[in-house]
Every structure is written in structure tokens, then in C-alpha cells.
Amino acid sequence: MKSREILSGRLPLFDAGADPWVLRHHDQFLYCHSNGTNDAICVRRAPSLLGLAESESVPVWRGPEGGKFSRELWAPELHATEEGWVIYVAADDGKNPHHRMVALVRHDPDPVGPYEFHGPLALEPDRWAIDGSLWRHPERGWFFIWSGWEGHENTAQHLYLCPMADPLTPSGPRVRISSPLHPWEKLGSGGPDGLPTINEGPQVLLKDGWVHVVYSAAGSWSDHYCLGRLSLPPGANPLDSAAWRKAELPLFASTESIRAPGHASFTTDADGTDWIVYHSARRPGSGWDRQVRVQPFVWDGVFPVFGAPGAPPVGLLA
């Protein structure tokens, strides 16, 4: 019974964790995450989603003491490449305005082992950047998407993307495709404290030529944190910011029992079931004190349907 509760999101997969990244590669699931002090990157692997909870967390890279990109390692993502593996992670020297996206590489078919520091991605222009993710358009090739500041002040986080010549080489300047716009995207922000408005944690889902970006919005420190959706129709150019369509309402938001669901990743098991992996606040008002949950989702035509946190769409895990 406990397994079913975990797989429906009613109980956490990990009692502590944030910004979960899960990848299914051949016959194994991989979970890439920062350690508890955000100064090292770890990878777990298991033959099933549930098995990740009992798997060994293996450190694969640690920021060098006093290094420019050694601290505040946020939201690492593990991606397979033709040469082996790459991990993208936001890193700084302990000062948040210095956050940039950096890449770690491993030239080995086994994803679990030591990674080398490749360096910061040459995103243009050079600005604060976090939550980077690589994705491939079925017709237009590689793109990188992330959350960043327009200038040098922390007033708002926007979503940007740029083309990539390969998984490590940007080939054009950034294009802004989303800014906090709707009232629900701005909750928990602004006011006398001047807290920024937020679009962050972008993740890409592809379906029948459509490109969907599922992103996190509202104050990440608040119970208002939630998931929104941008969609790009077939044939449209991802670099045309006007072509992206933003959903009017949040896609996945707080319930009475599970608060502040956000920063999701997605995977599919061997049976073809699609899964959302996300973090939530440990309790109402706990802010960045988070847990990691999983639950299945379905499609309504070309659009993803998640249900509610802890309550997957009707018929799943009934």
C-alpha cells in the first residue's frame, strides 16, 4: 500500500530534496541532484522509479574550495550525449548574482562516475542564469532553455532560450519567451520587500509536433508556487517569442494537503506510463524546506493533464 501511496504523490519519494531531475535510460532510472549543502552533485540509479528511494547516492563532482563555480549548485540535470554524458547546473561563488549555467562532462557510457568541469556555457549576453535544460526540436535541432534576469538586477526572472550547435555550444543570442504576466504568476512577490516575480524551472514536453514548456511560477518561498505551461504549435519557430502561447491558468497548484508543487521533470516507464516528478513544500509555509514526489499523468490530445498533487487523473492508480 505504501508503494501505491508514493507513486500517486500522496507520500514523498524522497523526504528531503528539491529540483528533481529523473531520466530513464535503457533499463534504468537516473536521479541527479545536489547534496544537502549544495556544493556537490550526486547521481542515483535504479531499475524502477520507486527503487530510486532506496538506491545509493553517488557523488560525481564537488565544487573546488573557493572556486568561482563551487557553491549554491542548483537544479542539476543529467543528459546523454554522443560522447557520453553532460550535467548542467547553476553555480556561483556563494553570491547569488554570480550564478551562471555551467557544464560537467563524462566521456564514458556509464553515467555514474567522476565528471570533469567543462566550464560556463557561453550564453549571450552574460547574465544571471539558473535552471538550464537541453532539448531537441524535431525539425530545428538543439536548444537550451533557462531562467534568467533581463539585466543585472533581481527584479524578475524570465524564461530564455537559444539555439545550440551541440550540447555544449550556444550558437546564437538568447530570446525571451516568457515573463511573469498573469496574477497567479506574481503571487508571493513584490510588495514592500521588493521580492522578484518568477518564471523558472522550465522543462520541455514534446507531443505530435507540439512543444510544451512546463515551468514554475510565483514566489518559490511561498505556498503560491505552482506550474504553468507555454505551448508552441507545430511548424512554429521556437525563437519567435510571439509564437508561444501561455496558458491562462496554472497547470498544477497547491491543495489543502500538498503545498507549492513546482520544478518538475518528466519520464516514461517501460509500460508507457508518463510520470511527473516534482518537489513540494514539506508543510504549509515551509518555503524551501521541500520533499520530492512522483505521480502519473495523461494527455488530452496534445496537452498534458496532471490532475492535482497527490490526486492523479481519474483512473490512474485507482
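Everything here concerns the structure above.
These numbers were taken from a predicted model, which means no experiment stands behind them.

Caption draft 1: Main features of the packing of aromatic side chains. Enumeration over the complete set of coordinates arrives at 16 aromatic pairs. Seen from their ring centres, tryptophan 61 and phenylalanine 117 are 5.9 Å apart, and the 15° between their planes marks the pair as stacked. Taken together, the residues span a long stretch of sequence, with tryptophan 61 in strand E4 (residues 58–62) and phenylalanine 117 in strand E8 (residues 116–120) at a distance of 56 residues. Judged by relative accessible area, which is 38%, phenylalanine 117 ranks as partly exposed. Summarising the aromatic geometry, the rings of phenylalanine 252 and phenylalanine 306 are spaced 5.8 Å apart at their centres and angled 75° between planes, so their arrangement reads as edge-to-face. Of this pair, phenylalanine 252 sits in the loop between strand E17 (245–246) and strand E18 (259–268) while phenylalanine 306 sits in the segment after strand E21 (303–305), and the two are 54 residues apart along the sequence. Judged by relative accessible area, which is 1%, phenylalanine 252 ranks as buried. Through pairs of rings, three or more aromatic residues link up here, namely Phe252, Phe266, Tyr278, Phe297, Trp299 and Phe306. The ring of tyrosine 160 carries arginine 174 above its face, with NZ or CZ at 3.9 Å from the centroid.

Caption draft 2: Spotlight on the environment of tryptophan 149. The topology assignment puts tryptophan 149 in the loop between strand E10 (141–148) and strand E11 (158–166). Dropping the residues within four chain positions of it, tryptophan 149 is found in contact with Asn96, Pro97, Arg127, Trp128, Asn154, Ala156, Gln157, Tyr160 and Arg174.

Caption draft 3: Main features of unusual backbone geometry. A cis geometry characterises the amide bond from glutamate 124 onward to proline 125, with omega recorded as 0°. One can find proline 125 in the loop between E8 and strand E9 (129–137). The backbone phi angle of aspartate 19 is positive, close to 50°, even though this residue is not glycine. With respect to the helices and strands, the residue aspartate 19 is situated in the loop between helix H1 (2–7) and strand E1 (21–25). Owing to a relative accessible area of 15%, aspartate 19 belongs among the buried residues under this scheme. Positive phi values are uncommon outside glycine, yet alanine 75 reaches one of about 50°. Exposure remark for alanine 75: the relative accessible area of 4% places this residue in the buried category.

Caption draft 4: The pattern of salt bridges, seen in detail. Following the criterion strictly, the structure yields 12 salt bridges and no others. Measuring nitrogen to oxygen at the nearest pair gives 3.1 Å for the salt bridge that ties arginine 10 to glutamate 5. In this structure, arginine 100 and aspartate 126 form a salt bridge, with 2.6 Å as the shortest nitrogen-oxygen distance. Of this pair, arginine 100 sits in strand E7 (residues 100–106) while aspartate 126 sits in the loop between E8 and E9; the two residues are 26 residues apart in sequence, bridging distant segments of the chain. Each member of the salt-bridge network shares a partner with another, and the members are Asp15, Arg282, Arg283 and Asp289.

Caption draft 5: Spotlight on the environment of aspartate 110. Secondary-structure assignment places aspartate 110 in the loop between E7 and E8. With 84 residues separating them along the chain, aspartate 110 and histidine 26 place their C-alpha atoms 12 Å apart. Apart from residues lying up to four places away in sequence, aspartate 110 is in contact with Arg45 and Trp85. Polar side-chain contacts of aspartate 110 include one of 2.8 Å to the side chain of arginine 45.

Caption draft 6: Expanded view of the sheet that holds E17. Taken together, 4 strands build an open sheet; the order of strands is E14-E15-E16-E17 and the sheet is antiparallel. Looking at the sheet topology across the chains shown, the edges are occupied by strand E14 (199–207) and E17. Both strand E16 (residues 226–232) and E17 contribute to a ladder of 2 bridges, which runs antiparallel. Among the inter-strand pairings, serine 231 is bridged to a residue of E17, identified as arginine 245.

Caption draft 7: Seen up close, the sheet that holds E4. Reading across from one edge, E1-E2-E3-E4 is the order of the 4 strands in this open sheet, with antiparallel pairing throughout. Each of the sheet's edge strands pairs with one partner strand only, and the pair in question is E1 and E4. This sheet shows a mean twist of 25° between the axes of neighbouring strands, independent of strand direction. Relative to E4, strand E3 (residues 40–46) is paired through 4 bridges, and the arrangement is antiparallel. The partner of valine 43 across the bridge, within E4, is valine 58.

Caption draft 8: Structural detail: the pairing of E10. For E10, the tally of buried residues reaches 7 of 8 residues, placing the bulk of the element in the interior. Pairing of E9 with E10 involves 7 bridges; the strand directions are antiparallel. Along E10, the bridge assignment pairs tryptophan 135 with phenylalanine 143. Connecting E9 to the next strand, E10, in antiparallel fashion are 3 residues. In this structure, E10 lies alongside E11, joined through 6 bridges in antiparallel fashion. The partner of phenylalanine 143 across the bridge, within E11, is proline 163.

What counts as what
- Residues numbered from 1 in each chain as written.
- Predicted model: local features only at pLDDT ≥ 70, side-chain atom pairs only at ≥ 80, totals over all residues.
- Heavy atoms only, no water.
- Phe/Tyr/Trp six-rings, centres within 6.5 Å; stacked < 30°, edge-to-face > 60°.
- Helix = DSSP H or I, 4+ residues; strand = E, 2+ residues; numbered from the N terminus.
- Buried < 20%, exposed > 50% of the residue type's maximum accessible area, 1.4 Å probe, protein only.
- Lys NZ or Arg CZ within 6 Å of the ring centre and 35° of its normal.
- Contact = heavy atoms within 4.5 Å.
- Salt bridge = Lys/Arg side-chain N within 4 Å of Asp/Glu carboxyl O.
- Polar contact = N/O pair within 3.5 Å; in protein donor to acceptor, adjacent residues only side chain to side chain.
- Pairing = 2+ DSSP bridges.
- Axes fitted to C-alpha atoms, helices over the stretch in contact; angles between N-to-C directions.

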